[in-house]
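Spelled out from the first residue to the last, the chains are:
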Amino acid sequence: MTSSLAVPAPVPAPVPDERPHVVIIGAGFGGLEVAKHLGRAAVRVTLLDRENHHLFQPLLYQVATAGLSAVDIASPIRSLVRRHENTSVLLAEVHEVDLLTRTVGIERETLHYDFLVVAAGATTNYFGHDDWSRLAPPMKCLDDALEVRRRVLLAFEEAERELDLDRRHELLSFVVIGGGPTGVELAGAIAELSRRVLARDFRAIDPTVTKITLVEAGDRLLPTFDPRLSTKAVEQLTELGVVSHTNTRVVDIDEHGVTVQGGAHIPAATVVWAAGVRPVPLVAKIDAAHDRAGRIEVLRDLTVPGRPEVFVIGDVACAVGDDGKCLPGLAAVAQQQGRYVARAIRRTLRGQERRPFHYRDKGIMATIGRSRAVAQILGLRLTGYVAWMAWLVVHVLLLIGFRNRVVVVFTWIWSYFTFRRGARLITGLEHPLFAASPAEEREREERGRGGEEREERERVPAAVPGPTAVPARA
Ligand SMILES: Cc1cc2nc3c(=O)[nH]c(=O)nc-3n(C[C@H](O)[C@H](O)[C@H](O)COP(=O)(O)OP(=O)(O)OC[C@H]3O[C@@H](n4cnc5c(N)ncnc54)[C@H](O)[C@@H]3O)c2cc1C
């Protein structure tokens, strides 16, 4: 017979893990690829990210315009690497990296590494005007896209109730700042949302008269594309009713729109910032040479000079390509670099030399609404329907996660045939439509005071106690 007072068996001491420790900062396109390709290597991998999900940023604009839901373009990081027993995922923000002591600082902990991969990505760049972020939200993470969706949909709701025609015009005017792929795609998607999806849903307003303006400081839209495709993009945007201004620098943003260099004011109640990114602040703290854009300059094997154990990849790296320029901030660059780093670590552990990294450019593309796109693939320049089909196929294939692919394909087919968008939800409890008028505020306060007095009275014990005391509700 066993006694309940029996001394518990001693817990065995944890066996020290002798495998080299690879610490990866960031589970975006680059970092996730490193972890996936080290899944069966004789190393211990710690994958750190301040978010619990991997985000497919190329489709953020579809969340912002109610085409897709947030969950369709994001996947939990843990589930993506669950089959790799050598990989631990930590939800943590890295605050510092010390290359001398080979340590990474997270909340309440310091991790020692044998190999470090910095793949922390970019953040929005307001070019010295961070105060504009309140008036012109960015498009970088899920929260940003949901905020843009909220503002866009609310503008139509407010316009429906607005009697003042000037204010109604302002509410039905949108400005997108930045003529790169994100700005072009977003402007096209807002135009489609207003002209096709919302067209018959309102009674007082006509969403088809919505004014969308795309503002670009440079001399053409899509500056990284062939100039002929930039021209095609302008044509396709014009067909959708988007007005684009190039050589136009924004100098001020307020609640009523944007002011551009020269003093012209473009009225708009909703402004979105899609004008630029820069490396996340952590990167500036790393003791290495940075280029003018703040990226870390790396050697051909993507390591920091003098630190063969420290790799920097993706948007935070300035890795020189075959043309002598830093490789662009693209998902494909980060992914290829991630796969290369996993191979380089394996080779190093086997005592083999590392080969230099070469980027294989498979092309770039941007969609401009239904059946409209521009694409530059393997030397071919595509526009219109063909480019759009290519865009659809590539994005579905690149999406991470089987569930996401299936859901996105079905959502797109449904939207194509019905002209509907299922994710037209306005979230966030506080918004101007529901704000009380001063008179209502006063009335609420009065009621509140009355309620407190009532509560006080009800807390006074009854002279004759009853069988049960039911607490009074506020
Ligand atoms: C709206 C938008 C649309 C885009 N469209 C395209 C497109 O169509 N095609 C294309 O090729 N590219 C596109 N890009 C660019 C592409 O998304 C990036 O080039 C790519 O994500 C870079 O990969 P990365 O691994 O360097 O960084 P990311 O994928 O951004 O991942 C970085 C990760 O690091 C984490 N992180 C950051 N700081 C810390 C920290 N201190 N501690 C812990 N974790 C941290 C972040 O949470 C994030 O998960 C787009 C980007 C945006 C914003």
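The structure this text deals with has already been given above.
Residues numbered from 1 in each chain as written. Predicted model: local features only at pLDDT ≥ 70, side-chain atom pairs only at ≥ 80, totals over all residues.

A. Inspection of the site of the ligand at higher detail. Of all residues adjacent to the ligand, which total 32 residues, the nearest are Gly26, Gly28, Gly30, Gly121 and Gly314. Where the shell around the ligand is concerned, the elements lending two or more residues are helix 1 (29-37), strand 2 (44-49), helix 6 (181-197) and helix 8 (331-349). In terms of residue class, the shell around the ligand is made up of 17 nonpolar, nine polar and six charged. When residues are assigned to domains, the shell around the ligand turns out to be shared by domain 1 (21-124 + 278-349) and domain 2 (130-275), each giving three or more. (Near = placed C-beta within 6 Å. Helix = DSSP H or I, 4+ residues; strand = E, 2+ residues; numbered from the N terminus. Nonpolar A, V, L, I, M, F, W, Y, C, P; charged D, E, K, R; others polar. Domains from an automatic or database assignment.)

B. The sheet that holds strand 8 (residues 109-112), seen in detail. With antiparallel pairing, three strands are arranged side by side in an open sheet as 6-7-8. If you trace the sheet from one side to the other, it starts and ends with strand 6 (96-98) and strand 8, each paired once. On average, each strand axis in the sheet is inclined to that of its neighbour by 20°, with strand direction left out of account. (Pairing = 2+ DSSP bridges. Axes fitted to C-alpha atoms, helices over the stretch in contact; angles between N-to-C directions.)

C. Summary view of the environment of His95. With respect to the element layout, His95 can be found in the loop between strand 5 (87-91) and strand 6. Taking the C-alpha atoms as reference, His95 lies 9.9 Å from Val283; in sequence the two are 188 residues apart.

D. Examining the nonpolar core more closely. By size, the foremost hydrophobic cluster in this structure holds 75 residues, and its most contacted members are Ile177, Leu186, Ala187, Ala233, Val258, Val272 and Val374. Viewed by domain, this core spans two of them, domain 1 (21-124 + 278-349) and domain 2 (130-275), each represented by three or more residues. Core analysis: the second largest hydrophobic core is formed by 53 residues, Val34, Ala35, Val117 and Val118 among them. (Core = buried A, V, L, I, M, F, W, Y, C linked by C-beta atoms within 7 Å. Buried ≥ 20, exposed ≤ 12 C-beta atoms within 10 Å, placed from the backbone.)

E. Representation of helix 1 in the model. When you tally the buried positions in helix 1, you get eight out of nine residues, the bulk of the element. All buried positions along helix 1 are accounted for by Phe29, Gly30, Gly31, Leu32, Glu33, Val34, Ala35 and Lys36.

F. Here's a closer look at the pairing of strand 12 (residues 211-215). Most of strand 12 is tucked away: four of the five residues are buried. Where strand 11 (residues 173-177) meets strand 12, five bridges bridge the pair, whose relative direction is parallel. Looking across to strand 12, one finds that Val176 is bridged to Leu214. Tracing the backbone out of strand 11, into helix 6 and back to the parallel element strand 12 gives a crossover that is right-handed. Summarising the sheet, strand 12 and strand 13 (residues 242-245) pair through four bridges and their orientation is parallel. Bridging from a neighbouring strand, Thr213 pairs with Val243 of strand 13. You can see the chain leave strand 12, run along helix 7 (residues 227-239) and come back into strand 13, and the turn it takes is right-handed. (Right-handed = clockwise from strand over helix to strand, strands pointing away.)

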